[in-house]
Structures are given as C-alpha cells and as structure tokens.
Amino acid sequence: MKRLSQLLLLGAFILLPVKGVQAETPKDPIYVKTSNGWTGAYAHGNEYAEFRVIGNGAKLQDPYHILLQKNVGMMVSFVDQKELQNDRDVLSAHAQWEIDYWHQHASRVESNNRTDLIGTRKDVKVTEIRVYNDKGSQLSSYLIGLAAKDGVFVLSVSPAKKEIDPLVKELVSSFKLVPRNLDAEETKRLSSEARAQR
C-alpha cells in the first residue's frame, strides 16, 4: 500500500508540471499525424504558422527537421523582424538576409524569385538559392517565407530541383498564418481536425 501511494505521489509530481506546460505556447514546432502525413504548427507570440506535410513517407527527424521523401529535407524556422533590414517588406528583407549570409560563407550565390510556385498569394515568397564553394560543389534550397506580425516563418526545402516543384506548391498552398495563440485549446482543435481527416 505504501508503494502504491508513493507511485501516485510521483505521478502527481510528473503530471502537474506537464499540465502547466500544456497551457503555455510550445517553444518548438508541434505535429499532428493525419491520414496522409502531418499537420505542423509553429508559434511565435500570439500567432502561429500552420502547414501540411503530405505523404505517409515523411519522417520527423526532430521538431525543426523533416525528411519529406528520400533525399529531400525540410527545416522549419522563424526569423525575427529585428534581424531584417527592411520593415516594409519582410519577405524580400528575409530573402536578402539569407542571400547576404551565404555571400559571406560561399564562393558564389545565385538566387531566383519563384513566383510561379505561389500563385496569387502576397503573404508568401519562394526564393530558390544555389550556393557554390570554391571547388564548384553546390547546395540548393527553396526558402518559403510566410509574413508574420513580428517576422517571417520559413520552410526551407532542399535540394531545389524541378521535380520538387509540385511538393513546394503543396507546402505553399497549406502554409498559413493563424492569428491565435497555440495553446492547449488550439492544439486540441488541431488534433480534432486531424482525427476527422483520418
């Protein structure tokens, strides 16, 4: 009986902090399994970015890295507006910020604004970046930026290849800003939506 009461007490200590954490906005992106992939949500302040990773072959590596398919990865991030130079157009400022970073670390950098991947949306920008070292090796990625109140939510997909364009279009079409806190209630709503899709 004493052992049972000790276990119950230990359980209470474990559950109390977890319950408190659920009421707060998560610091890392969260994911909810759907019938054909994952719904991701990444909070910053009192808003969050929501996106869908389509395909049952997608594998979460950690909260910030997803293997979308064989040899195609994605990184999720947020760039605070304080890091950017231009307050008017955060999406262009973010793309330039990334290009400037790579100019400092690579022999050559090429970039291309991929308006063909966003349709008519004005809140999203896709920039294709190719980075070369002094031996000619290349790293390429699509930077998908979503304008937010205090910066830019970013999905970086690598490598950038023509056959990946449809996947990028799917990500862009699902990438949206939600003007609510990602709290326990909102997380429960996302989970319910995902269950309904199964």
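Since this is a predicted model, take the numbers as computed values, not measurements.

A. Layout of the packing of aromatic side chains. Across all of its chains, the model carries six aromatic pairs by this definition. A centroid spacing of 5.9 Å and a plane angle of 85° characterise the contact between tyrosine 42 and tyrosine 64, whose relative ring orientation is edge-to-face. Of this pair, tyrosine 42 sits in strand β2 (residues 37-44) while tyrosine 64 is found in the loop between β4 (59-62) and β5 (65-69), placing the two residues 22 residues apart along the sequence. Among the residues examined, tyrosine 42 registers a relative accessible area of 11% and is labelled buried. Judged by centre distance (4.8 Å) and plane angle (65°), the ring pair of phenylalanine 78 and phenylalanine 153 falls under edge-to-face. Of this pair, phenylalanine 78 sits in strand β6 (residues 72-80) while phenylalanine 153 is found in strand β10 (residues 151-158), placing the two residues 75 residues apart along the sequence. When sorted by exposure, phenylalanine 78 lands in the same class as phenylalanine 153, which is buried.

B. Geometry of the sheet that holds β2. As summarised here, the arrangement of the four strands in space is β1-β2-β3-β11, forming an open sheet in which the pairing is antiparallel. Whereas interior strands pair on both sides, the edge strands pair on one side only; in this sheet they are β1 (30-34) and β11 (176-178). The sheet shows a mean angle of 25° between the axes of neighbouring strands, taken without regard to direction. Here strand β3 (residues 47-54) runs beside β11; their pairing, made up of three bridges, is antiparallel. Each residue of the ladder has a partner; that of tyrosine 48, found in β11, is valine 178. On the sheet, helix α3 (residues 165-174) packs against β3 and β11 and is oriented at approximately 145° with respect to β3.

C. Geometry of the environment of glutamate 47. Structurally, glutamate 47 is set in strand β3. Under the relative-accessibility criterion, glutamate 47 is labelled buried at 6%. Separated by 103 residues in sequence, glutamate 47 and aspartate 150 place their C-alpha atoms 9.7 Å apart. Sequence-distant contacts of glutamate 47, that is, excluding residues within four places in its chain, are made with Ala148, Lys149, Asp150, Phe153, Leu177, Val178, Pro179 and Arg180. Within the structure, glutamate 47 has its side chain in polar contact with the backbone nitrogen of lysine 149 (distance 2.7 Å).

Conventions and cut-offs
Residues numbered from 1 in each chain as written. Predicted model: local features only at pLDDT ≥ 70, side-chain atom pairs only at ≥ 80, totals over all residues. Heavy atoms only, no water. Phe/Tyr/Trp six-rings, centres within 6.5 Å; stacked < 30°, edge-to-face > 60°. Helix = DSSP H or I, 4+ residues; strand = E, 2+ residues; numbered from the N terminus. Buried < 20%, exposed > 50% of the residue type's maximum accessible area, 1.4 Å probe, protein only. Pairing = 2+ DSSP bridges. Axes fitted to C-alpha atoms, helices over the stretch in contact; angles between N-to-C directions. Contact = heavy atoms within 4.5 Å. Polar contact = N/O pair within 3.5 Å; in protein donor to acceptor, adjacent residues only side chain to side chain.

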